[in-house]
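Structural characterization, general
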Amino acid sequence: QVQLVESGGGLVQAGGSLRLSCAASGRTFRSYTMGWFRQGPGKEREFVAGISWSGDSHDYAGSVKGRFTISRDNAKNTLYLQMNSLKPEDTAVYYCAAATKVGTNYDLPQWYDYWGQGTQVTVSS
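Now for a description of the structure that goes with this document. Given the structure is predicted, the values throughout are model-derived calculations rather than measurements. (Residues numbered from 1 in each chain as written. Predicted model: local features only at pLDDT ≥ 70, side-chain atom pairs only at ≥ 80, totals over all residues. Heavy atoms only, no water.)

**Things to note about the pairing of strand S7 (residues 68–73)**
Looking along a regular strand, one sees the side chains alternate between the two faces of the sheet. Burial along S7 is one-sided: Phe68, Ile70 and Arg72 are buried, while Thr69, Ser71 and Asp73, pointing the other way, are not. In this structure, S7 lies alongside strand S8 (residues 78–83), joined through six bridges in antiparallel fashion. If you follow Phe68 over to S8, its bridge partner there is Met83. If you look at the hairpin formed by S7 and S8, you'll find four residues sitting between the two strands, and Asn77 has a positive phi there, around 55 degrees. (Buried < 20%, exposed > 50% of the residue type's maximum accessible area, 1.4 Å probe, protein only. Helix = DSSP H or I, 4+ residues; strand = E, 2+ residues; numbered from the N terminus. Pairing = 2+ DSSP bridges.)

Here it is as structure tokens:
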């Protein structure tokens, strides 16, 4: 069993930055594909970014490419999402997720086996 705990959300003005963290329990974090998803008010959960177990491969949703950066520190069992140039439309609950399968289906929610409880990000205009 893996537990994921997100932190770092909050209220920020448009154009500002936030860094989200996702702390994972267990000693096998380094073997998991990891992803970030978000769900805005009245919207479906959507893919934001994904990263391979090694950190060498990653992918982003078109809406965040060039503004968000996903990274991981396997020694600290932690996943990060650096969010710059935030826009009001980035307002959502952000979730991290872990997949035990090998592959690069980063954008498929059903690929992931474990989910965190989410952290709220609110961007004011």
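Next comes the rest of the account.
**Notes on the sheet that holds S7**
The antiparallel open sheet is built from four strands, whose spatial order is S1-S3-S8-S7. A strand with exactly one partner marks an edge of an open sheet, and here the two such strands are strand S1 (4–7) and S7. Going across the sheet, the axis of each strand differs from the next one's by a mean of 15 degrees, ignoring polarity. (Axes fitted to C-alpha atoms, helices over the stretch in contact; angles between N-to-C directions.)

**Digging into the packing of aromatic side chains**
Per the stated rule, a full pass over the model turns up four aromatic pairs. One aromatic cluster is present, built from ring pairs that chain together Phe37, Phe47, Tyr112 and Trp115. The ring of Tyr95 carries the charged tip of Arg45 above its face, separated from the ring centre by 3.9 Å. In this structure, Arg45 packs its charged tip against the face of Trp115, placed 4.7 Å from the ring centre. (Phe/Tyr/Trp six-rings, centres within 6.5 Å; stacked < 30°, edge-to-face > 60°. Lys NZ or Arg CZ within 6 Å of the ring centre and 35° of its normal.)

**Let's talk about the side chain of Ser52**
Topologically, Ser52 is positioned in the loop between strand S5 (46–51) and strand S6 (58–60). A distance of 3.3 Å separates a polar side-chain atom of Ser52 from the backbone nitrogen of Asp56. If we skip the residues at most four places from it in the chain, Ser52 touches Tyr32, Ser57, Arg72 and Tyr106. (Polar contact = N/O pair within 3.5 Å; in protein donor to acceptor, adjacent residues only side chain to side chain. Contact = heavy atoms within 4.5 Å.)

**Describing the nonpolar core**
Ranked by internal contacts, the top residues of the largest apolar core, which has 37 residues, are Leu4, Met34, Trp36, Leu79, Leu81, Met83 and Tyr94. Secondary structure elements with two or more residues in this core: strand S3 (18–24), strand S4 (33–39), S5, S7, S8, strand S9 (92–99) and strand S11 (119–124). Broken down by element, the residue count for this core peaks at six residues, all from S9. When sequence neighbours within four positions are dropped, the list of residues in contact with Met34 reads Leu4, Cys22, Phe29, Ala49, Gly50, Ile51, Ile70, Arg72, Leu79, Ala97, Ala98 and Tyr112. (Core = buried A, V, L, I, M, F, W, Y, C linked by side-chain atoms within 4.5 Å.)

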